[in-house]
Amino acid sequence: HVQLQASGGGLAQPGGSLRLSCAGSGFMDYFSIGWFRQAPGKEREGVSCISSSGGKTYYADSVKGRFTVSRDNNKNTVYLEMNSLKPEDTAVYYCAARDQADVCGVFGIRVGSFGSWGQGTLVTVSS
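Residues numbered from 1 in each chain as written. Predicted model: local features only at pLDDT ≥ 70, side-chain atom pairs only at ≥ 80, totals over all residues. Heavy atoms only, no water.

What follows covers the pattern of salt bridges. Once their charged atoms are close, side chains differing in charge can pair, the charge on each being opposite to the other. Using the criterion set out here, one finds four salt bridges in the structure. In this structure, Arg37 and Asp89 form a salt bridge, with 2.9 Å as the shortest nitrogen-oxygen distance. With Arg37 in strand 4 (residues 32-38) and Asp89 in the loop between strand 8 (77-82) and strand 9 (91-98), this residue pair connects regions lying 52 residues apart in the sequence. Summarising the burial analysis for this pair, Arg37 and Asp89 share the class buried. Across the salt bridge formed by Asp89 and Arg66, the nearest N and O atoms sit 2.7 Å from each other. (Salt bridge = Lys/Arg side-chain N within 4 Å of Asp/Glu carboxyl O. Helix = DSSP H or I, 4+ residues; strand = E, 2+ residues; numbered from the N terminus. Buried < 20%, exposed > 50% of the residue type's maximum accessible area, 1.4 Å probe, protein only.)

Next comes the structure, spelled out in structure tokens:
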């Protein structure tokens, strides 16, 4: 239903910040957007999620208070601001879309809830 591209990854110091972007092809106001990450040897895990309107946001316990998800539907873009980065945040970060207003409010931040995926962007937090 939508094409996504995650960008903004790179190298950060512990305690530093990065902002990831998820650019969609359009009609983003119809989609919940989830952020996921996958570290080497680990399963893909939910990080954050935002409802189609931006009115509801969700975070994994591991990032709550450090990461902030937001969106600008006029720009067809969702953002993940990552602050106070830790080495354990190192992973490939993916954004994903589901054509429901608030899928994460129903099911939590689940990989299986999302059908459209971006290619991912690598975040490395190096001490």
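On we go.
Let us look at the sheet that holds strand 1 (residues 4-7). Spatially, four strands are ordered 1-3-8-7 in an open sheet, and the strand pairing comes out antiparallel. The sheet is open, and its two edges are formed by strand 1 and strand 7 (67-72), each paired on a single side. On average, each strand axis in the sheet is inclined to that of its neighbour by 15°, with strand direction left out of account. Across four bridges, strand 1 lies against strand 3 (residues 18-24) in antiparallel orientation. Within the sheet, the bridge partner assigned to Ala6 lies in strand 3 and is Cys22. (Pairing = 2+ DSSP bridges. Axes fitted to C-alpha atoms, helices over the stretch in contact; angles between N-to-C directions.)

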